[in-house]
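# Report on the structure
Chain by chain, the residues run as shown.
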Amino acid sequence: MSDWRVRAVRASKRPFTRATARPADHGSAPEHSMDPRSDQHPDDGPGHSVEHSVVDAAVYRDGHRIDSPATLAEIHRELPDKPGTMAWIGLYRPAEAQLVEAAEKFDLHELALEDAIVAHQRPKLERYGDTLFVVLRAARYLDDVEEVDFGEIHLFVGPDFVLTVRHSQSPDLSAVRSRLEADPELLALGPEAVLYAVLDAVVDGYAPVIAGLQHDIDEIETEVFGGDPQVSRRIYELSREVIEFQRATGPLLEIMRALESGFQKYGTDEELQRYLRDVADHATYAAERVDGFRQMLQNILTVNATLVSQRQNEEMKQLAEAGHAQNDEIKKISSWAAILFAPTLIGTVYGMNFEEMPELHWAFGYPFAIGLMGVVCVSLYLIFKRRNWL
């Protein structure tokens, strides 16, 4: 076994490769499999061959499919010394051992192989000899839950082969393959044409996501000014999706610039150059829109914080006014209680029915008591009135 393969197998056994645990599948692979064995799960064990994860494989000559081999060995035998012949193998969630087997057939670099095994890579383009290794992040908008679902696809683009490794359902490469097979002139341009078609599908898939995010932002703006108490949580969740989307679109511009810089060096067909520049334009538009979304969400979050503060200030003001009004009521009640307490106290003293009391048999005792009550009450009323308690 070659050194690079030994290292790749060791890499597949490292603890951190557990991070490549794949999410629950929401359906079968979008591409129709040429081999009924592909219905089995690719991770059933290291003894399974790479064909278990092949969803479609074909050999093309001058843009036309001439064969659909069942094994990689057959594909490999048909390629040497046949100008205009190209193989395209599509893998869906392959196991580590299966990728090692494919890498051995097509002489893939060990570092690119390790990236494909680990997955969860940022979008990038790297050249290993005459083979390009491209990582792309696809995205799709889920209308039912109003969320963005992100996928990942790895492409190995060689002189006479393309190996696509998908770790998610999106993008649907069966549609890409059908499109290319319907245009033999474009497919005859070779592996670069397949790379263009996949790039175009990924970038075109961003358009519905941009529309969905724009709709969500419009809804959030309405909720912010409507005073929805749950809007802050939704802004945070949407901001996370926009940041993740930005991580998918931002590096894509570097990929397109790297491809464009190699047009002359690698003799890229002029028509294909136009197609790739068109993809670059669409990718730039998507990246700019995503940057705009992030800025808009930051502004919305600032406005929402301002509105929340204003509402809190208004509530505090209302509470203060209510407390002030309550204090006024308490003052009035306390004042009247004090006014009424004075005659009650005097009447209580003279109502104890004791025989030995001053002024008990005094002829002016009753008028004096009534007068005293009146004087005390009027005095207290004037005092409280002057202090605005009444």
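## Some remarks on the overall build of the protein chain
A tally of helices and strands in the protein chain yields 11 helices and 7 strands. Out of the 390 residues belonging to the protein chain, those deemed buried represent 42%.

## Comments concerning the sheet that holds strand S2 (residues 64-67)
Strands sit in the order S2-S1-S3-S7-S6-S5-S4 across an open sheet of 7 strands; the sheet is mixed. Because the sheet does not close on itself, it has two edges, and the strands there are S2 and strand S4 (124-128). The average angle at which neighbouring strand axes cross in this sheet is 25 degrees, direction not considered. Pairing of S4 with strand S5 (residues 131-142), which is carried by 5 bridges, proceeds in the antiparallel orientation.

## What about the pairing of strand S3 (residues 85-92)?
S3 sits mainly inside the fold: 8 of its 8 residues count as buried. Of the two faces of S3, the one lined by Thr85, Ala87, Ile89 and Leu91 and the one lined by Met86, Trp88, Gly90 and Tyr92 are each fully buried. In this sheet, S3 lies alongside strand S1 (residues 54-61) in antiparallel orientation, the contact comprising 7 bridges. Across the sheet, residue valine 59 finds its bridge partner in S3, namely alanine 87. Sheet topology places S3 next to strand S7 (residues 161-166); 6 bridges connect them, and they run parallel. The partner of tryptophan 88 across the bridge, within S7, is valine 162.

## What about the packing of helix H9 (residues 231-261) against helix H10 (residues 270-349)?
Between H9 and H10, whose axes approach to 8 Å, the crossing angle comes to 155 degrees. Here H9 is positioned roughly antiparallel relative to H10, judged by the angle of their axes. Taken as a pair, H9 and H10 cross one another with a handedness that is left-handed. Split by residue class, the contact of H9 with H10 holds 19 nonpolar, 6 polar and 4 charged.

## Looking at unusual backbone geometry
With glycine set apart, most residues show a phi of negative sign, and most peptide bonds adopt trans. Its identity as a non-glycine residue notwithstanding, aspartate 62 has a phi of 55 degrees, on the positive side. Tracing the backbone shows aspartate 62 in the loop between S1 and S2.

## A closer look at the packing of helix H3 (residues 96-106) against helix H4 (residues 110-118)
Where H3 meets H4, the axes come as close as 10 Å, and the angle between the chain directions of the two elements is 155 degrees. In terms of orientation, H3 lies roughly antiparallel with respect to H4. Between H3 and H4 the crossing geometry is right-handed. Seen from H3, the contacting residues are Glu96, Leu99, Val100 and Ala103; seen from H4, they are Leu113, Ala116 and Ile117. Per-class residue counts for the contact of H3 with H4 are 6 nonpolar, no polar and 1 charged.

## Some thoughts on the pattern of salt bridges
Inspection of every chain in the model, using the stated rule, returns 16 salt bridges. One salt bridge in this structure joins glutamate 237 and arginine 233, with 3.2 Å as the shortest N-O distance. Within this pair, glutamate 237 and its partner arginine 233 are both found in helix H9, separated by 4 residues, close to a single helical turn. With a shortest N-O distance of 3.5 Å, glutamate 260 and arginine 277 are connected by a salt bridge. Remark: arginine 277 occurs in helix H10 and glutamate 260 occurs in helix H9; sequence separation between them is 17 residues. Glutamate 260 sits in the partly exposed class, given a relative accessible area of 38%. Three or more residues joined by partner-sharing salt bridges are found here, namely Glu146, Asp216, Glu219, Glu223 and Arg234.

## A closer look at the side chain of threonine 268
Along the chain, the position of threonine 268 falls in the loop between H9 and H10. Threonine 268 sits in the buried class, given a relative accessible area of 7%. With near-sequence residues (within four places) excluded, threonine 268 lies in contact with Glu192, Gly262, Phe263 and Gln273.

## Topic: H4
Along H4, the positions that sit buried rather than exposed are Ala112, Leu113, Asp115, Ala116, Ile117 and Val118. Trailing H4 by a residue or two, alanine 119 shows a phi angle of about 65 degrees, which is positive.

## Section: a nonpolar patch on the surface
On the surface, Trp336, Val378, Tyr381 and Leu382 cluster together to form a nonpolar patch covering roughly 400 Å² of accessible area. It is helix H11 (residues 365-386) that provides the largest number of residues to the nonpolar patch, a total of 3 residues. Position of valine 378 relative to the elements: it lies in helix H11. Under the relative-accessibility criterion, valine 378 is labelled partly exposed at 49%.

## Brief notes about the nonpolar core
Grouped together as the largest cluster of nonpolar side chains are 60 residues, with contacts concentrated most on Leu136, Val198, Leu199 and Phe245. If you tally residues by element for this core, the top one is H10, at 12 residues. Contacts of leucine 199, omitting those with residues within four sequence positions, involve Leu136, Leu252, Met256, Leu259, Leu276 and Val279. Residues Val54, Ala57, Leu108 and Leu113 belong to the second largest nonpolar core, which totals 26 residues.

Conventions and cut-offs
Residues numbered from 1 in each chain as written. Predicted model: local features only at pLDDT ≥ 70, side-chain atom pairs only at ≥ 80, totals over all residues. Heavy atoms only, no water. Helix = DSSP H or I, 4+ residues; strand = E, 2+ residues; numbered from the N terminus. Buried < 20%, exposed > 50% of the residue type's maximum accessible area, 1.4 Å probe, protein only. Pairing = 2+ DSSP bridges. Axes fitted to C-alpha atoms, helices over the stretch in contact; angles between N-to-C directions. Parallel < 35°, antiparallel > 145°, perpendicular 65-115°, else oblique. Left-handed = near helix turned anticlockwise from the far one by under 90°. Nonpolar A, V, L, I, M, F, W, Y, C, P; charged D, E, K, R; others polar. Contact = heavy atoms within 4.5 Å. Salt bridge = Lys/Arg side-chain N within 4 Å of Asp/Glu carboxyl O. Patch = residues over 30% accessible without salt bridge, like charges linked within 9 Å, V, L, I, M, F, W, Y side chains within 5 Å. Areas by Shrake-Rupley, 256 points an atom, 1.4 Å probe, with all protein chains shown as cover. Core = buried A, V, L, I, M, F, W, Y, C linked by side-chain atoms within 4.5 Å.

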